[in-house]
Amino acid sequence: MTTQGTQPDLLYSEEEEALRAAVRDLLTDHCDATRVITRTESDTPYDPALWKALSDGMGLAGLLVPEAQGGQGATHREVAVVLEELGRAVAPTPYLTSAVVATEALLACTGEDAAALLTELASGRTVGALAVALSTAPGGAHRTVRVEDGLLYGELTGIADAAVADVLLVPAADGGLYAVETNAVTIAPQISLDLTRPLAAVTLDGVRGRRLGDAGPAVRRALVAGAGLLASEQLGLADWCLTETVRHLKERKQFNRPVGGFQALKHRLAQLWLETVNTRAAARHAADALAAGGADTEVAVAVAQAYAAPVAVHAAEEALQLHGGIGMTWEHPVHLYLKRAKADSIAYGTAGAHREALARLVDLQAP
C-alpha cells in the first residue's frame with residue numbers, strides 16, 4: 001500500500017495507476033452512457049450488477065476497512081482513484097455513501113456491533129448510508145431523531161442512497177449513533193436533480209436500533225472524508241467533460257475546418273484545462289492528507305471542496321454548450337454530468353461554506 005512521507009505526494013503510484021486501469025475497464029464494460037440513461041428512466045437507477053462487480057469482484061467496498069476486519073487495508077489515496085473513475089462514468093452506485101461515508105462513521109465507533117457491521121460493508125453485500133442530509137458540511141448542524149423508551153422516532157430528509165441501503169446510521173438526540181435496518185423504516189423518494197444519486201426522506205416511528213457509539217465524532221469524521229474524497233469524483237467528472245469536449249470540437253467542422261480550431265474556443269478549453277489540473281492537485285492533496293491523518297487534514301479538505309465544486313460545474317456547463325445542439329438532447333450523456341456536478345456542488349457543504357471554514361482554520365476572518 002501507499003507509503004506516506006513528510007511531504008504531500010500528489011503523483012499517482014504504479015499501484016494506483018493499475019487500480020485506475022482496472023476500474024476503468026470494468027466501467028467501460030458495465031457502465032456505458034446508454035445504460036446509465038436507461039437506468040435513470042426506470043424505478044431502479046442503481047445498477048446492482050455493477051455494485052457487485054465493484055465490491056464482490058474487485059473488493060473495492062472494503063478499501064478503507066482494515067484487513068483484520070475483512071477489508072483491503074488501503075488508504076484514501078486508492079479510494080480517490082476509484083472515485084475519479086466513478087465520476088468519469090457518473091456511475092449509479094452507492095460507493096461514496098457506503099464505502100466512504102458510512103464506513104468512516106463506523107471506523108470512529110468501537111464495540112462489537114460496529115466492527116461486525118464494518119465487515120459487512122467491506123464485503124459489499126450490505127450497503128450502508130449515514131442518515132444525515134447530503135448537504136450537511138463537516139461540523140455543520142444536522143437533524144437527529146428522539147429516543148423514547150429505547151425506540152427511535154423522527155424524520156430525516158435529504159438522505160442520499162437511503163433507497164438502496166440495507167442499514168442506516170442514525171444520529172439520535174441522546175448523542176448516540178444507531179444502526180437501523182431499512183426494512184423497519186419508511187423511505188419516501190424526494191425530488192433530486194442528480195438522477196444517479198437520488199435522495200429520500202426517512203421516517204422512524206418507534207424503531208429499535210443498535211447503538212454503535214457517539215454520533216458527534218463519527219458524523220464529523222464521515223463528513224470530512226466525504227467532502228475530501230468528493231473532490232476526486234468532481235475531478236473525474238471535469239476531466240471527462242474536458243476530454244469529450246476536445247474530442248467533439250476536433251471532429252465537428254464548420255466552414256470546412258474543425259470547430260476547435262477557432263481561437264475563441266481554444267482559449268475556453270485552455271482555461272478549463274488549467275482549472276482541471278489545479279483541481280487534480282487540490283483533490284490529490286486532500287486524499288493524501290486524509291490518508292496521513294495529519295493536523296492539516298481539514299484545511300486540505302476545505303481547499304479541495306472550495307475549488308473542485310465550481311470547476312466541476314463550469315466544466316459540465318462548457319461541455320453542454322460547446323457540444324452544440326447534440327448536447328441538448330436526452331440521448332447525449334452530458335446532461336447527467338451537469339446534474340451530478342450541480343448536485344455535488346452542495347453535497348457535504350457548498351464551496352462558500354468551505355471557504356468560510358478555511359478562513360476559520362487558518363485564522364483569516366473577514367474584517
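Quantities reported herein were computed from a predicted structural model and do not represent experimental measurements.

Pairing is mixed in the open sheet, where four strands are placed in the order 1-4-5-8. Single-partner strands in this sheet number two, and they are strand 1 (128–130) and strand 8 (210–214). Averaged over all pairs of adjacent strands, the angle between strand axes in this sheet comes to 25°, irrespective of strand direction. Most of the contacts of helix 6 (residues 112–123) go to strand 8, to which it runs at about 100°, and overall it touches strand 1, strand 4 (167–171), strand 5 (176–181) and strand 8.

Tracing the chain through its elements places Arg 143 in the loop between strand 1 and strand 2 (146–148). Sequence spacing of Arg 143 and Ala 172 is 29 residues, and the spatial spacing of their C-alpha atoms is 8.3 Å. With residues up to four places along the chain from it excluded, the contact list for Arg 143 reads Glu 155, Leu 156, Thr 157 and Pro 171. In this structure the side chain of Arg 143 is engaged in a polar contact, spanning 3.4 Å, whose partner is the backbone oxygen of Glu 155.

Further remarks concern the packing of aromatic side chains. Summed over all chains, the structure comprises one aromatic pair. The ring of Tyr 12 carries Arg 20 above its face, with NZ or CZ at 4.6 Å from the centroid. Over the ring of Phe 262 we find Arg 257, and its NZ or CZ is 4.3 Å from the ring centre.

Turning our attention to the UniProt feature "domain: Acyl-CoA dehydrogenase/oxidase N-terminal" (unreviewed entry) in the chain. Following the UniProt record, the feature "domain: Acyl-CoA dehydrogenase/oxidase N-terminal" (unreviewed entry) maps to residues 13–124 here. Note that residues 13–124 is 65% helix and 0% strand, and that its end C-alpha atoms are spaced 26 Å apart.

Let us look at the pairing of strand 5. When you tally the buried positions in strand 5, you get five out of six residues, the bulk of the element. Connecting strand 4 to the antiparallel partner strand 5 that follows it, the hairpin turn spans four residues, and Gly 175 within it adopts a positive phi of roughly 90°. In the sheet, strand 5 pairs with strand 8 via four bridges, with the strands oriented antiparallel. Of the residues in strand 8, the one forming a bridge with Tyr 178 is Arg 211.

According to UniProt, the feature "domain: Acyl-CoA dehydrogenase/oxidase C-terminal" (unreviewed entry) maps to residues 220–360 in the numbering used here. Measuring from the first to the last C-alpha atom of residues 220–360 gives 17 Å, for a span that is 77% helix and 3% strand.

Reading the values: rules and limits
- Residues numbered from 1 in each chain as written.
- Predicted model: local features only at pLDDT ≥ 70, side-chain atom pairs only at ≥ 80, totals over all residues.
- Heavy atoms only, no water.
- Pairing = 2+ DSSP bridges.
- Helix = DSSP H or I, 4+ residues; strand = E, 2+ residues; numbered from the N terminus.
- Axes fitted to C-alpha atoms, helices over the stretch in contact; angles between N-to-C directions.
- Contact = heavy atoms within 4.5 Å.
- Polar contact = N/O pair within 3.5 Å; in protein donor to acceptor, adjacent residues only side chain to side chain.
- Phe/Tyr/Trp six-rings, centres within 6.5 Å; stacked < 30°, edge-to-face > 60°.
- Lys NZ or Arg CZ within 6 Å of the ring centre and 35° of its normal.
- UniProt positions renumbered as here; feature names shortened; annotations may be inferred.
- Buried < 20%, exposed > 50% of the residue type's maximum accessible area, 1.4 Å probe, protein only.

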